[in-house]
Amino acid sequence: MSDYATLTYDGNTYEFPVITGSEGEKAIDISTMRAKSGIITMDYGFSSTGSCSSTITFMNGEKGILRYRGIPVEQLAEHATFKETAYLLINGRLPNRKELTRFSVMLNDHSLVHEDMQEFYKSFPRISHPMGILSSMVNALRSFYPELEKTDEEINITMTRLLSKIRTMAAMAYKISRGHKLVYPRPDLNYCANFLNMMFDSPVRPYDIDEDLVQALRVFWILHADHEQNCSTTAVRVVGSGRVNLYAAISAGIAALWGPLHGGANQAVIEMLSEIVRDGGKVQKVIERAKDRNDPFRLFGFGHRVYKTYDPRGQIIKKMADRLLEKRQVSDPLLDTAKELEIAARKDDYFIENNLYPNVDFYSGIVLRSIGIPTNMFTVMFAIGRLPGWISQWKESIDDSNWKITRPRQIYTGPTCTDYTPLDKRP
Ligand code: SDX
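It should be emphasised that the depicted structure is a prediction, and the values quoted were computed from it without experimental measurement. (Residues numbered from 1 in each chain as written. Predicted model: local features only at pLDDT ≥ 70, side-chain atom pairs only at ≥ 80, totals over all residues. Heavy atoms only, no water.)

Enquirer: Explain the site of the ligand residue by residue, including any values.
Expert: In the region of the ligand, 25 residues are neighbours, and H227, H304, R305, K308 and R313 sit closest. G301 places a polar main-chain atom, nitrogen or oxygen, 2.7 Å from an oxygen atom of the ligand. For the ligand, an oxygen atom lies 2.7 Å from a polar atom in the side chain of R386. Protein chains bury 77% of the 1100 Å² of accessible surface belonging to the ligand in isolation. Residues that form the shell around the ligand fall into these classes: 10 nonpolar, eight polar and seven charged. Two domains each donate at least three residues to the shell around the ligand, and these are domain 2 (70–259 + 386–398) and domain 3 (265–371). (Near = heavy atom within 4 Å. Polar contact = N/O pair within 3.5 Å; in protein donor to acceptor, adjacent residues only side chain to side chain. Areas by Shrake-Rupley, 256 points an atom, 1.4 Å probe, with all protein chains shown as cover. Nonpolar A, V, L, I, M, F, W, Y, C, P; charged D, E, K, R; others polar. Domains from an automatic or database assignment.)

Enquirer: Before we move on, can you summarise unusual backbone geometry with the specific residues and values?
Expert: It is generally the case that most residues other than glycine have a negative phi and that most peptide bonds are trans. One non-glycine residue, R243, lies in positive phi territory at about 65 degrees. Its identity is not glycine, yet N355 carries a phi of approximately 50 degrees, on the positive side. Here N355 falls in the partly exposed class, since its relative accessible area comes to 31%. (Buried < 20%, exposed > 50% of the residue type's maximum accessible area, 1.4 Å probe, protein only.)

Enquirer: Explain the nonpolar core to me, and be specific about the residues and the numbers.
Expert: Counting residues in each nonpolar core, the largest one holds 119 residues, and the members touching the most others are F195, W221, I250, L299 and I373. The residue makeup of this core includes at least three contributed by each of domain 2 (70–259 + 386–398) and domain 3 (265–371). Dropping the residues within four chain positions of it, I250 is found in contact with V138, L162, V236, L387, W390 and I391. (Core = buried A, V, L, I, M, F, W, Y, C linked by side-chain atoms within 4.5 Å. Contact = heavy atoms within 4.5 Å.)

Enquirer: Any chance you could break down the pairing of strand β5 (residues 65–68) for me, citing the residues and the numbers?
Expert: What you see with β5 is a clean split: L66 and Y68 sit on the buried side and I65 and R67 on the side with no burial. Both strand β4 (residues 57–60) and β5 contribute to a ladder of four bridges, which runs antiparallel. Bridge pairing in β5 links M59 to L66. Counting the residues in the hairpin turn of β4 and β5 gives four residues, including G64, whose phi is positive at 70 degrees. Pairing of β5 with strand β6 (residues 71–72), which is carried by two bridges, proceeds in the antiparallel orientation. Paired with Y68 across the bridge in β6 is I71. Where β5 folds back on β6, the antiparallel hairpin that results is connected by two residues, among which R69 adopts a positive phi of roughly 50 degrees. (Helix = DSSP H or I, 4+ residues; strand = E, 2+ residues; numbered from the N terminus. Pairing = 2+ DSSP bridges.)

Following this line, the structure appears as structure tokens:
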């Protein structure tokens, strides 16, 4: 079978090589198209455009498959720690015992944040959104840790430092926003328990670490750890392609994730469900709004550029929400509303014809509420989970011999050549 594609236009025929991935996916390599034909392609939102080849994450949107370095995410959620998953994504394989111990020691060694950074935090208005604070403070890390990222060892320290500090920085944003005393990381606690302790421990009420909540957070972060070339990962790769430092590239990823069409959807889902409950539980009204082409409102937590079936992460999180609430013998009206909304939407032709299913964000807010995370910190939780993915994608891009600065073309549709009009000659 030919591994070439031909394009015929204006009486000319051009040939382009076809790339085949390890899972049989095909891509036409058009990198020589403009040089050969003077023509470029156009693909708003890059729905049919690949930006790179990658060995990190495989998704099959039609079958609802998600694997990190070939391992199904369901198995990692069942058996792995978040630390192991981060190591797997960044280094390409699971760590052996010695490597895992060294990684744990490095994470502990880098968990503290420079005391002077607290002054930056305290300068933000109390109502600042923690995603804006986190994006700014991650960028500021370069000022406190200016080590170059030239050798593998320096890059490894920088990646591990950021993986460790992001928990401390997120918890700092929360504590300072409430005017509470900071809680420092503890070397005796694992990655997830340490974060919960930094968030909720206090001198007046010591935090009792609940293993159920630690496990829920472990699974939540594993499920969010990477997702191939999504909006925020593309931001990290694009910003990183200018050869800027890792902190600046990750800061751009955090900013991109903040949007309600992307990682900000988990907060938007809870706000939407709360509004439905306040409005008397009229889920059909929300569905009609989501279908209205003249209404910019979208059903948050539904739909996906890649998944045209149930998001495998959403299925795991939905089960986890049920288990958590049942075990704690509590009910959450928002979970009941979410289930009612899902049933109604999945019965509606618009959602069926457009293959719109719950995505990772639809039930994740219910789990985060059960853990005690405040709503405005939901997307920060997504960012902490996604950090190993962003780092692994950044590392893969700087190591890729094909990688170069990202600079797309455009089709210009503005005014053709026009002369300057002196001020006194303008209408
Ligand atoms: C994440 O890319 C990733 O991998 C992202 C992510 C990750 O892990 O990084 O999975 C995390 O961002 C999940 C998505 C969270 N966002 C939301 O829940 C916001 C609500 N969802 C939509 O805004 C939308 O579904 C997107 C943004 C997620 C996807 O947008 P697309 O690619 O434009 O959706 P599509 O092409 O499949 O849409 C088909 C049609 C379109 O109608 P037309 O414009 O063709 O007439 O369905 C419509 C869409 O407008 N549609 C919706 C809808 N989602 C799509 N209509 C109403 N409500 C929705 N939720």
